[in-house]
Amino acid sequence: MRAALFPPGVSPGVSPGASPGVFRRVPRRTATLLAALLLGLVSVLTSGGQARAGAQELAAVPLEQVGSFGSNPGGLVMYRYVPTGLAPGSPVVVLLHGCGQTAQAYADGSGWQKFADANGFALVVAEQRTVNNASRCFNWFQPADVARGSGEALSVVQMVDHTVDSLSADASRVYVTGLSAGGILTASLLAAYPDVFAGGAVIAGLPHGCATSMIDAFSCMFPGRTATAETWADRARAAYPDHTGPRPAVSIWHGGADYVVATANQNESVKQWTHLLGGDQQADATTQLAANTTRSVYDTGAGNPPVISYLTPGNGHGTPVAPGEGADQCGTAGAYFLAGICSSYHIAGDWGLTG
């Protein structure tokens, strides 16, 4: 079975612990026997890391839980961070954690609160519940949970709507980012709600539309699936076929030693978003950053935002962070938070949020 390819402590480049990537899942609907067996296998392989990940939950700044924000068809939990004295008309950034993580742990580990305070924007942090998924994975492989107007995707959008209304935030400057399962849900939100999100950053994720079931998700993750740029773009376009307005800016982060969600998925994601935005798959500019990270910019022309990819060759599966007090540093290194470069700083910069 595919899960046996990356038990904790064996595969190089993968931090030990519960993989935040996928689908160790108890579905809302009736589970098949095969699904239950797969769930049990992956849980046994990765159970040791959940306690380690939980150690990250000592909060520097506690998030505020919002009890009611809409019909919440996906059954998610909403948390929010609002800097003191936040002005009306400020941006909003949505964070989506990986499997086995909590909203608080992801906000703390990724360091986004630092930039929210320094630059004046609100954070919305969605959290999965174990009643929906035994390992707190967002159900990115269930079509009903990523489709426009339903499931977990709609719950996240309702969190955005509630925040924009209650804080008088700028609805034209709403952004979303997430790790792994959260990163894949990010891609689906950008496809299904291009009218809601101005930009998104997919960390260790996949193209939208790769899987339509839990079993299907295995091969999408590893070794990954290959399709033409046109095919990937058509899948994203089909998420909201009536859309005629601008598309969000997209950045794609991956580690070169990721054996949970294969690095090949970064190239497939680049193909999806460059073709959808009207560009080709040849980088127009590259820059070397910290931790040997290569930043590649793909111009898309016609007034569309560029697609930007970040590849850190030594990284396994996780959100890149750079602990410290410097302006370009952030976060806390640990399980699925990989020290080297602060992805939150660069993502906020790509979105124009760092002044």
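Above this text sits the structure in question.
Residues numbered from 1 in each chain as written. Predicted model: local features only at pLDDT ≥ 70, side-chain atom pairs only at ≥ 80, totals over all residues. Heavy atoms only, no water.

1. Things to note about the overall build of the protein chain
We count it as follows: Elements are defined by DSSP. Helices are runs of H or I of four residues or more, strands are runs of E of two residues or more, and each kind is numbered from the N terminus. A 1.4 Å probe rolled over the protein chains alone gives each residue an accessible area, and that area as a share of the maximum for its type sets the label: buried under 20%, exposed over 50%, partly exposed in between. Per-residue accessibility takes into account occlusion by the displayed protein chains alone, with areas from the Shrake-Rupley method and a 1.4 Å probe.
Summing up its helical and strand segments, the protein chain has ten helices and twelve strands in all. The buried share of the protein chain, taken over its 355 residues, is 57%. In the form shown here, the protein chain has an accessible surface area of approximately 12,800 Å², with 54% of it arising from carbon and sulfur atoms.

2. Observations concerning the state of the cysteines
Worth spelling out the cut-off: The disulfide definition used here is simple: a pair of cysteine sulfur atoms within 2.5 Å.
Applying the stated criterion across every chain, the model contains three disulfides. The side chain of Cys99 participates in a disulfide bridge whose partner is Cys137; the two sulfur atoms lie 2.0 Å from each other. Because the torsion about its S-S bond is 130°, the bridge between Cys99 and Cys137 counts as right-handed. One end of the pair, Cys99, is in the loop between β3 (92–96) and α2 (103–110); the other, Cys137, is in the loop between β4 (122–127) and α4 (143–146), with 38 residues separating them in the sequence. On the basis of relative accessibility, which here comes to 0%, the residue Cys137 falls in the buried class. Here the bonded cysteines of the protein chain are numbered in sequence order, and their pairing is 1-2, 3-4, 5-6.

3. Comments concerning α2
One turn of the α-helix equals 3.6 residues, which is why residues spaced by three or four share an orientation. Summarising burial for α2: eight of the eight residues are buried, a large majority. Taken as a whole, α2 has its buried residues at Ala103, Gln104, Ala105, Tyr106, Ala107, Asp108, Gly109 and Ser110. Gly111 lies just past α2 and shows a positive phi near 80°.

4. Section: the nonpolar core
Defined as follows: To define a nonpolar core, start from buried Ala, Val, Leu, Ile, Met, Phe, Trp, Tyr and Cys residues and group those joined through side-chain atoms within 4.5 Å. Contact definition: two residues touch when any of their heavy atoms are within 4.5 Å.
One finds Val94, Leu96, Val156, Leu189, Tyr193, Phe197 and Trp273 to be the most contacted residues of the largest nonpolar core, which totals 42 residues. Among the secondary structure elements, those contributing two or more residues to this core are β3, β4, α5 (151–167), β5 (174–179), α6 (181–192), α8 (229–238), β7 (249–255) and α9 (264–277). With seven residues, α5 is the single largest residue contributor to this core. Not counting chain neighbours up to four residues away, the residues in contact with Phe197 comprise Val94, Val156, Val157, Val160, Val174, Tyr175, Val176, Leu189, Leu190 and Pro248. The next biggest cluster of nonpolar side chains, apart from the first, holds 36 residues, and it includes Phe121, Ala201, Ile308 and Ala335.

5. With respect to the packing of aromatic side chains
Given two aromatic rings, one states the distance between the centres and the angle between the planes to describe the pair. Rules: Geometry of aromatic contacts follows a simple scheme: Phe, Tyr and Trp rings, the Trp one being its six-membered ring, pair when their centres are within 6.5 Å, and the pair is stacked under 30 degrees between planes, edge-to-face over 60, tilted otherwise. Charge-over-ring contacts are defined here by two conditions on Lys NZ or Arg CZ: a distance within 6 Å of the ring centre and an angle within 35 degrees of the ring normal.
Applying the stated criterion across every chain, the model contains eight aromatic pairs. Put simply, the rings of Trp112, Phe121, Tyr175 and Trp351 pair up and form one aromatic cluster. Directly above the ring of Tyr240 sits Arg148, whose terminal nitrogen or CZ lies 3.8 Å from the centroid.

6. Let's talk about the pairing of β4
Test applied: Any two strands with at least two DSSP-identified bridges between them are counted as paired.
For β4, the buried fraction is high: six of the six residues fall into the buried class. Alternating positions in β4 separate into two faces, Ala122, Val124 and Ala126 on one and Leu123, Val125 and Glu127 on the other, with burial throughout. In this structure, strand β2 (residues 77–81) lies alongside β4, joined through five bridges in antiparallel fashion. When the sheet's bridge partners are listed, Tyr81 is paired in β4 with Leu123. With five bridges connecting them, β3 and β4 associate as parallel partners. Note on β4: the bridge partner recorded for Val92 is Ala122.

7. As for the sheet that holds β5
For clarity, the threshold we go by: Axis geometry follows a simple rule: fit a line to the C-alpha atoms, using only the stretch in contact for helices, then measure angles between N-to-C directions, giving values from 0 to 180 degrees.
The strand order β1-β2-β4-β3-β5-β6-β7-β10-β9-β8 describes an open sheet built from ten strands, whose pairing is mixed. Each of the sheet's edge strands pairs with one partner strand only, and the pair in question is β1 (64–66) and β8 (285–288). For this sheet, the mean inter-axis angle between neighbouring strands, taken without regard to orientation, is 20°. Contacting β3, β5, β6 (199–203) and β7, α6 runs over the sheet at an angle of about 145° to β5.

Shape is all these values report; function is a separate question.
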